[in-house]
Amino acid sequence: MTAAAERVAVAAAAGTQATALDVRDLHVVLGGRLVLQGADLQVHGGDFLGLIGPNGAGKTTLLRSVLGLVPVASGTVQVAGRSSRAARAGVGYVPQRHEFAWDFPISVEDAVLSGRTRRIGLLRRARVDDYRAVRDAVDRVGLTDLRRRPVGQLSGGQRQRVLVARALALRPRVLLLDEPFTGLDMPTQELLTGLFTELAAEGVAVVMTTHDLAGALYSCTRIALLNRTVLATGTPAEVRDPDLWARAFQISPHSPLLRAIGLEVPA
Amino acid sequence: MISPIDFLADLTNPDLAFLPKALLVALMSSVICGVIGSHVVLRGMAFIGEAVAHAVFPGLAVAFLLQGSLVLGGAVAGITTAVLVAVFSQNRRLKEDSIIGIFFVAAFALGIVIISRAPGYAGSLQDFLFGSITGIPDRDVVTVAVAGALLILGVLLLHKELVTVSLDREMARASGLPVFALDLVLYVMVTIAIVISVQTIGNILVLALLITPAATARMLTDRLGVMMTLAPCFGGLAAVVGVYLSWSLDLPTGGTIVLVATAGFLLAWFLAPRHGLARALRNRTRRARPVPVTA
């Protein structure tokens, strides 16, 4: 199957299947503190969901509990209807850029291939399909010309694209992005936003945490407001209640921030 | 100073049978440490290497007291400490370096207490700490060869997993790799590499064998495969030149090998094609020249 045909098949499968990512009544305790309290989130194939909230709201914790990286106190996480470790291992994950050892002597394409290490399996070598997935992922983020360059020589924007490509090398149905735009210039943000929109259109469920509220309202197809729990979800047109935003961000309903993102703020 | 030809003659002299054995063990140790050390350097875990190097000491002391195999005793003590460090560092309240600081000094202290009970303690202590080329039993040569072959095989088989974890632990865990188990395996491999090197190099200097050749190779390349090939070559070269110099000038073997390796590192630091100091200086003088303003 060609990559394009496979993407169509994935999109079709996602269409018939209800929920790509289903989080229900999630409670997470970290260091004795209740970080998430009854969070509910359903993301479907085709959604480009912006997960927004203030610092410490639990955005990263929500992503990490989906991946099984933090212990869940109660509640369930299902990926494509399954809660197994294997189902979660198929989720594409783009952590924040500082998690990666950029001084490691490795080329762009080998770094992208490392995303498939688990799938290739112990004591096995990468095969044609693995290299094809890497090639496709590198092409999609526009790093084809730089694919043999050591990652240490890349700019911040190029590094972010490496991390996205590494996640895409898994050909994931669910893609989790943790603050992908932090510290990036406008052209790179635009390129990546376009790519995420495209992926969603192909049936991938894309979840992105971000502090760029205006950008999220403009680009995402759905918004989830998070502060300890999911306060609201909906299309950008649906989540326009300034009180809700004031509650999520713990600011006054008259804050200029709300006016700046185009909400109708009472005078 | 004797010529290399005389050195070869000494190596084949049956009265000096310990000399080729020492050279062989030093050479194998350096090659193995070069390969394992590449992972240690890239993961920035030199301190763990130091910890394990000290931690093998009580095992050596016990083995010495009981007349058992030094390699085995050291391996047991080193692996025990490595596992303790790995387990205790899962607790996030204390950083790994503090945990290591506690356990490796404790292990070393235990070693000193144990060996002080042994008769003829001063001489054997010196051998442990600074290495010795005499008195390596034949079975240890075989042990080093077999353990080394297994280590290199293990590193090659787990290469992509070890690299993935070193690159990004968070993603590695998210993708379902057993990160904790892989950490343990790497610690154990570091321990074994150190234990088999302790005899010739000594407990205090063994860290250099692990770090210096790998760091030298890192200076010269941006490609992992090249680095992991160069590092054992540098280590092996340092071992051969070091044993030759120490034999012909009557210098301590461990110290001489380490100094040769260090000289190699300094050379690479100055002359490395892309990262070297010489290149940086040349670029600076070029940039310092006044640039004509183009209007």
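Residues numbered from 1 in each chain as written. Chains lettered and ligands numbered in written order. Predicted model: local features only at pLDDT ≥ 70, side-chain atom pairs only at ≥ 80, totals over all residues.

- For chain B, an unreviewed UniProt entry supplies the name Anchored repeat-type ABC transporter permease subunit and the organism Cellulomonas pakistanensis.
- The annotation that UniProt attaches to chain B under Sequence similarities (unreviewed entry) is "Belongs to the ABC-3 integral membrane protein family." (UniProt positions renumbered as here; feature names shortened; annotations may be inferred.)

- If you check an unreviewed UniProt entry, chain A appears there as Anchored repeat-type ABC transporter ATP-binding subunit from Cellulomonas pakistanensis.
- Its UniProt record, at the heading Sequence similarities (unreviewed entry), says of chain A: "Belongs to the ABC transporter superfamily."

Digging into the overall build of chain B
So, step 1. For chain B, the helix and strand inventory stands at 14 helices and zero strands.
So, step 2. Scanning chain B from its N terminus toward the C terminus, one meets helices and strands in the order α-α-α-α-α-α-α-α-α-α-α-α-α-α.
So, step 3. For 295 residues, the compact-globule estimate of 2.2 N^0.38 gives 19 Å, and chain B sits close to it at 21 Å.
So, step 4. Principal-axis analysis of the C-alpha atoms places the extent of chain B at approximately 85 × 55 × 30 Å.
So, step 5. Expressed as a percentage of the 295 residues in chain B, the buried residues total 46%.
So, step 6. Considering only residue pairs separated by 6 or more positions, chain B has 72% of its internal contacts joining residues 24 or more positions apart. (Helix = DSSP H or I, 4+ residues; strand = E, 2+ residues; numbered from the N terminus. Rg over C-alpha atoms; globule rule 2.2 N^0.38 Å. Buried ≥ 20, exposed ≤ 12 C-beta atoms within 10 Å, placed from the backbone. Contact = placed C-beta atoms within 7 Å.)

Thoughts on the confidence of the model for chain B
So, step 1. Of all residues in chain B, 93% have pLDDT values of 70 or greater, and the mean over the chain is 86.
So, step 2. Interface confidence for the predicted complex, given as ipTM, is 0.89, next to a pTM of 0.88. (pLDDT = per-residue confidence, 0-100.)

A word on helix 6 (residues 128–140) of chain A
Residue and element names in this part refer to chain A.
So, step 1. The end-to-end C-alpha distance of helix 6 is 18 Å, a good match for the 18 Å that 13 residues give at a rise of 1.5 Å each.
So, step 2. Here helix 6 has its buried residues at Ala133, Val134, Ala137 and Val138. An end-on view of helix 6 places all buried positions within 130 degrees of arc, on one side of the element. Along helix 6, exposed side chains directed more than 90 degrees from the buried face belong to Val128 and Asp129.
So, step 3. Backbone geometry just downstream of helix 6 places Gly142 in the positive-phi region, at approximately 75 degrees. (Expected span 1.5 Å × (residues − 1). Arc of directions from axis to C-beta.)

Some thoughts on unusual backbone geometry
So, step 1. A positive phi angle, close to 60 degrees, is found at Gln67 of chain B, a residue other than glycine.
So, step 2. Within the secondary structure, Gln67 of chain B is located in the loop between helix 3 (46–65) and helix 4 (70–88).

Some thoughts on the UniProt feature "domain: ABC transporter" (unreviewed entry) in chain A
So, step 1. Mapped onto the present numbering, the UniProt feature "domain: ABC transporter" (unreviewed entry) falls at residues 21–252 of chain A.
So, step 2. Taken end to end, residues 21–252 of chain A comprises 34% helix and 25% strand; its first and last C-alpha atoms sit 33 Å apart.

Some points on the interface of chain A and chain B
So, step 1. At the interface, 19 residues of chain A touch 22 residues of chain B.
So, step 2. Broken down by secondary-structure element, the contributors of at least two residues to the side of chain A that touches chain B are helix 3 (85–89) and helix 5 (117–120) of chain A.
So, step 3. Looking at the side of chain A that touches chain B, its residues break down into 13 nonpolar, three polar and three charged. (Nonpolar A, V, L, I, M, F, W, Y, C, P; charged D, E, K, R; others polar.)

Considerations on the packing of helix 11 (residues 206–220) of chain B against helix 13 (residues 253–271) of chain B
In a packed pair of helices, the relevant descriptors are the angle between the two axes and the axis-to-axis distance.
Residue and element names in this part refer to chain B.
So, step 1. Here helix 11 crosses helix 13 at 20 degrees, and the two axes come no closer than 9 Å. Between helix 11 and helix 13, the angle is such that the two are roughly parallel. Of the two possible hands of crossing, helix 11 and helix 13 adopt the one that is left-handed. Of helix 13, the residues touching helix 11 (which contributes Ala208, Thr212, Pro213, Ala215, Thr216, Met219 and Leu220) are Val258, Ala261, Thr262, Gly264, Phe265, Ala268 and Trp269. (Axes fitted to C-alpha atoms, helices over the stretch in contact; angles between N-to-C directions. Parallel < 35°, antiparallel > 145°, perpendicular 65-115°, else oblique. Left-handed = near helix turned anticlockwise from the far one by under 90°.)

Observations regarding the sheet that holds strand 1 (residues 21–30) of chain A
All names here are of chain A.
So, step 1. Across the sheet, which stays open at both edges, the three strands sit in the order 2-1-4 with antiparallel pairing between neighbours. In this open sheet, the two strands that pair with only one neighbour each are strand 2 (33–43) and strand 4 (74–79). In this sheet, adjacent strand axes meet at a mean angle of 25 degrees when their direction is disregarded.
So, step 2. Across the sheet, helix 2 (residues 59–66) is in contact with strand 1, strand 2 and strand 4; its angle to strand 1 comes to roughly 115 degrees. (Pairing = 2+ DSSP bridges.)

A few points about the sheet that holds strand 8 (residues 222–227) of chain A
Residue and element names in this part refer to chain A.
So, step 1. Ordered in space as 5-6-7-3-8-9, the six strands form an open sheet in which the pairing is mixed. Of all the strands in the sheet, just strand 5 (92–94) and strand 9 (229–234) have a single pairing partner and so form its edges. With strand direction ignored, the average angle separating the axes of adjacent strands in the sheet is 15 degrees.
So, step 2. Against the sheet, helix 2 touches strand 3 (48–52), strand 6 (174–178), strand 7 (205–209) and strand 8, its axis set at about 145 degrees to strand 6.

Regarding the domain arrangement of chain A
Residue and element names in this part refer to chain A.
So, step 1. Partitioning chain A into structural domains gives domain 1 (3–91 + 172–260) and domain 2 (105–171).
So, step 2. Here the C-alpha centroids of domain 1 and domain 2 sit 24 Å apart.
So, step 3. Taken together, the contact between domain 1 and domain 2 spans 13 residues of the former and 12 residues of the latter.
So, step 4. Broken down by element, the side of domain 1 that touches domain 2 gets its largest block of residues, four residues, from helix 8 (residues 186–201). (Domains from an automatic or database assignment.)

Thoughts on the pairing of strand 6 of chain A
Residue and element names in this part refer to chain A.
So, step 1. A large share of strand 6 lies buried, amounting to five of its five residues.
So, step 2. Of the two faces of strand 6, the one lined by Val174, Leu176 and Asp178 and the one lined by Leu175 and Leu177 are each fully buried.
So, step 3. Pairing analysis gives three bridges linking strand 5 to strand 6, with the strands arranged parallel. Paired with Val94 across the strands is Leu177, a residue of strand 6.

Quick notes on the environment of Asp168 of chain B
So, step 1. Following the sequence through the fold, Asp168 of chain B ends up in the loop between helix 8 (159–167) and helix 9 (169–174).
So, step 2. Overall, the presence of 22 C-beta atoms within 10 Å leaves Asp168 of chain B in the buried class.

With respect to the pairing of strand 7 of chain A
All names here are of chain A.
So, step 1. Counting buried residues in strand 7 gives five out of five residues, a clear majority hidden from the surface.
So, step 2. In strand 7, alternate side chains face the same way, and those of Ala205, Val207 and Thr209 on one face and Val206 and Met208 on the other are all buried.
So, step 3. In this sheet, strand 7 lies alongside strand 3 in parallel orientation, the contact comprising four bridges. Bridge assignment links Gly50 to a residue of strand 7, and that residue is Met208.
So, step 4. Relative to strand 7, strand 6 is paired through five bridges, and the arrangement is parallel. The partner of Leu176 across the bridge, within strand 7, is Val207.
So, step 5. For the crossover that starts at strand 6, traverses helix 8 and ends in the parallel strand 7, the hand is right-handed. (Right-handed = clockwise from strand over helix to strand, strands pointing away.)

Considerations on the packing of helix 3 of chain B against helix 5 (residues 96–115) of chain B
All names here are of chain B.
So, step 1. Following both chains from N to C, one finds helix 3 and helix 5 inclined at 20 degrees, their axes separated by 8 Å at the closest point. Taken as axis vectors, helix 3 and helix 5 run roughly parallel relative to one another. Judged by the twist between their axes, the crossing of helix 3 over helix 5 is left-handed.
So, step 2. Its residues assigned to classes, the contact of helix 3 with helix 5 shows 19 nonpolar, two polar and two charged.

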